[in-house]
Amino acid sequence: MHTQRLNLSVLSTRAGLSALAVTGLLATAACGTESGDKDSGSGSVGTRQATAITGKQWNVESVTVDGTKHDAPAGAHVEFAKDGKVGGNYGCNRFGASAEIKGDTITVGDDAIKTKMACTSEGAMDFESQLGKAISNSTIKAEVKDDKLTLTTQDGTTVKLTADKPAELQGTKWNVTAMVKDASKGGSPVALSSQADGKVHLTFDEGAVRGQLGCNKVTAKATVGDGSITLGTPGTTRKMCSDSLMDTERALLKLFDGTVKYQLKGSTLTLTSENGMSVEAVATK
């Protein structure tokens, strides 16, 4: 099987890493891919099975280390490209690295790069550490069975993943996980505060958007176009909450009274406003 490797060592030595750098890497990993082999069943990842794992998003279900199972936070996923890259989200930060698939063995390089958010949701950073150790600078055995993928490292750590089923923009509850204030300038994503975690969500349906901004409920007209959504003037309840929640709410309100671009990839939604603010959200499981 012909394989390629991508050398990212120059990028990995930089002091900082913008959200656009990692996003660009992952976008490249996803471009030009085809659907996997339609044949299902279990077995080692040979030529046909290697094709089955590339070009799609695999949502992480759990990581088991020394017999202890760690359930994945929403949004944790891995993508293997056909041209020698692996990328995704550890559950908090995005990452990218070189990767080589040969037979049932995946070799991930020591050149991983990632964003630098500090997530406050319980267990997120610990899970990120466990997953990062498993799929960075490691040699992994892979096994595919139907829409399930199991990765096993040389020290016995196992990562369980499930092929992503793309979510629909409309009718899906989108949980906001992070915001980028200057996305057009390569700003880095900032995770929601611990108070706001799990309390911010939006649902688009029947010409409207409804949801929760962390403190107050919101509703507005929403006209979905080709890659864009025109949002009307927001109507909200009028509670007062902590400074942290109110800061989150004020930032999110900047999405309204204008047109936002949207990008839907698997179960991840990105909204980018005309003023350069970007919001990342994942579909509720």
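See the structure above.
It should be emphasised that the depicted structure is a prediction, and the values quoted were computed from it without experimental measurement. Residue numbering note: each chain is counted from 1, following its sequence as written. Only residues with pLDDT of at least 70 are given local features in this predicted model, and only at 80 or more are side-chain atom pairs given and counted; all residues enter the totals for whole chains, interfaces and linings. Based on all heavy atoms of the structure, the side-chain values leave hydrogens and waters out of the count.

A. Region of interest: the nonpolar core. We call a set of buried Ala, Val, Leu, Ile, Met, Phe, Trp, Tyr and Cys residues a nonpolar core when their side-chain atoms join them within 4.5 Å. Only protein chains enter the calculation, and the probe is 1.4 Å; a residue is then buried if its accessible area is under 20% of its type maximum, exposed if over 50%, and partly exposed in between. Phe204, Leu231, Leu255 and Leu271 are the most contacted members of the largest nonpolar core, which has 31 residues in total. By definition, any uninterrupted DSSP run of H or I lasting at least four residues is a helix, any uninterrupted run of E lasting at least two residues is a strand, and each is numbered from the N terminus. Of all elements in the fold, only strand S12 (173-180), strand S14 (200-205), strand S15 (208-213), strand S16 (217-224), strand S17 (228-231), helix H5 (243-253), strand S20 (268-272) and strand S21 (278-283) reach the threshold of two or more residues within this core. The leading source of residues in this core is H5, at four residues. Val78, Ala97, Ile135 and Leu149 belong to the second-largest nonpolar core, a separate cluster that totals 29 residues.

B. Quick look at the state of the cysteines. Note on terminology: disulfide denotes any pair of cysteine sulfur atoms within 2.5 Å. All chains considered together, the criterion is met by one disulfide. Across the disulfide, cysteine 215 is cross-linked to cysteine 241 (sulfur-sulfur distance 1.9 Å). Because the sign of the S-S torsion sets the handedness, a value of about 75° for the bond joining cysteine 215 and cysteine 241 places this disulfide among the right-handed ones. Placement of cysteine 215 in the loop between S15 and S16 and of cysteine 241 in the loop between strand S18 (235-236) and H5 is noted, with a sequence separation of 26 residues between them.

C. Examining the pairing of S20 more closely. Counting buried positions over the five residues of S20 gives four, a clear majority of the element. We treat two strands as partners when DSSP finds at least two bridges between them. Where strand S19 (residues 258-265) and S20 come together, five bridges link them in antiparallel fashion. Note that in S20 the partner of tyrosine 262 across the bridge is leucine 271. Counting the residues that bridge the hairpin from S19 to S20 gives two residues, and of these glycine 266 lies at a positive phi of roughly 65°. Sheet topology places S20 next to S21; five bridges connect them, and they run antiparallel. For threonine 268, the partnering residue across the bridge sits in S21 and is valine 282.

D. Geometry of the pairing of S19. Across four bridges, S17 lies against S19 in antiparallel orientation. Bridge pairing in S19 places threonine 230 opposite threonine 259.

E. Molecular detail of empty space enclosed by the protein. Think of a 1 Å grid over just the protein atoms. A cavity is a set of points where a 1.4 Å probe fits yet cannot get out, a pocket is an open set with protein on both sides within 12 Å along at least five of seven lines, and lining residues have an atom within 4 Å of a point. Grid points are joined across faces, edges and corners, and a volume is the space filled by probe spheres set on the points. In this structure the tally under the stated criterion is one cavity of 30 Å³ or more. As for the largest cavity, its lining consists of Trp174, Val176, Leu202, Phe204, Leu269, Leu271, Val279 and Ala281. If you list the elements that add at least two residues to the lining of the largest cavity, you get S12, S14, S20 and S21. Across the lining of the largest cavity, the residue classes tally to eight nonpolar, no polar and no charged. Lys, Arg, Asp and Glu make up the charged group, whereas Ala, Val, Leu, Ile, Met, Phe, Trp, Tyr, Cys and Pro make up the nonpolar group; the residues left over, Gly among them, are polar.

F. Highlighting unusual backbone geometry. Even without being a glycine, aspartate 66 presents a positive backbone phi close to 50°. With respect to the element layout, aspartate 66 can be found in the loop between strand S2 (57-65) and strand S3 (68-71). The backbone phi angle of aspartate 146 is positive, close to 55°, even though this residue is not glycine. In this structure, aspartate 146 sits in the loop between strand S9 (138-145) and strand S10 (148-153).

G. Representation of the pattern of salt bridges in the model. Each reported salt bridge corresponds to a side-chain nitrogen of Lys or Arg within 4 Å of a carboxyl oxygen of Asp or Glu. Overall, the coordinates contain seven salt bridges when judged by the stated rule. Glutamate 79 serves as the salt-bridge partner of lysine 265, at 3.2 Å between the closest nitrogen and oxygen. Residue lysine 265 is found in strand S19, and its partner glutamate 79 is found in strand S4 (residues 77-80); the two are separated by 186 residues along the sequence.

H. Region of interest: the side chain of glutamate 280. Along the polypeptide, glutamate 280 turns up in strand S21. Those residues in contact with glutamate 280 that lie beyond four places of it in its chain are Arg94, Asn175, Val176, Thr177, Ala178, Val180, Pro189, Leu269 and Thr270. Note on contacts: a residue pair is in contact if any heavy atoms of the two residues lie within 4.5 Å.

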